[in-house]
Amino acid sequence: MTDEEKVTMLNQAANFTKAAAKHVSGGMKEVTFEEYVCRLDKCSDCEFRKKKKCTACGCYLPKKAWRKTEDCTKHKW
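In what follows, the accompanying structure is described. Everything numeric in this text was worked out from a predicted model, so none of it was measured.

Our next topic: the overall build of the protein. Helix and strand counts for the protein stand at 3 helices and 2 strands. When the helices and strands of the protein are placed in sequence order, the string is α-α-β-β-α. Taken over the C-alpha atoms alone, the protein extends approximately 40 × 30 × 15 Å along its principal axes. Looking at the 77 residues of the protein, the share that counts as buried comes to 26%. Here the analysis covers contacts within the protein between residues at least 6 apart in sequence; of these, 57% occur between residues at least 24 apart. For the protein, the exposed area adds up to about 5700 Å²; of that, 57% sits on carbon and sulfur atoms.

So, how was this worked out
- Residues numbered from 1 in each chain as written.
- Predicted model: local features only at pLDDT ≥ 70, side-chain atom pairs only at ≥ 80, totals over all residues.
- Heavy atoms only, no water.
- Helix = DSSP H or I, 4+ residues; strand = E, 2+ residues; numbered from the N terminus.
- Buried < 20%, exposed > 50% of the residue type's maximum accessible area, 1.4 Å probe, protein only.
- Contact = heavy atoms within 4.5 Å.
- Areas by Shrake-Rupley, 256 points an atom, 1.4 Å probe, with all protein chains shown as cover.

Next comes the structure, spelled out in structure tokens:
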């Protein structure tokens, strides 16, 4: 594993920890199904999407898109 890959994994772990804490402190609220679909639709043609992950933040999009406390790192939703 390269140093760059290690940094990326550490960033992903830090992002996940912050997002989980924000989700819990925000009451673990979720968006509506319509908003969820809209968020993923905006991700569908994004240059940072690689399968089900965002390469900009490292998040797993199907999970992140449900959380009301989450925003797109690139301000697309």
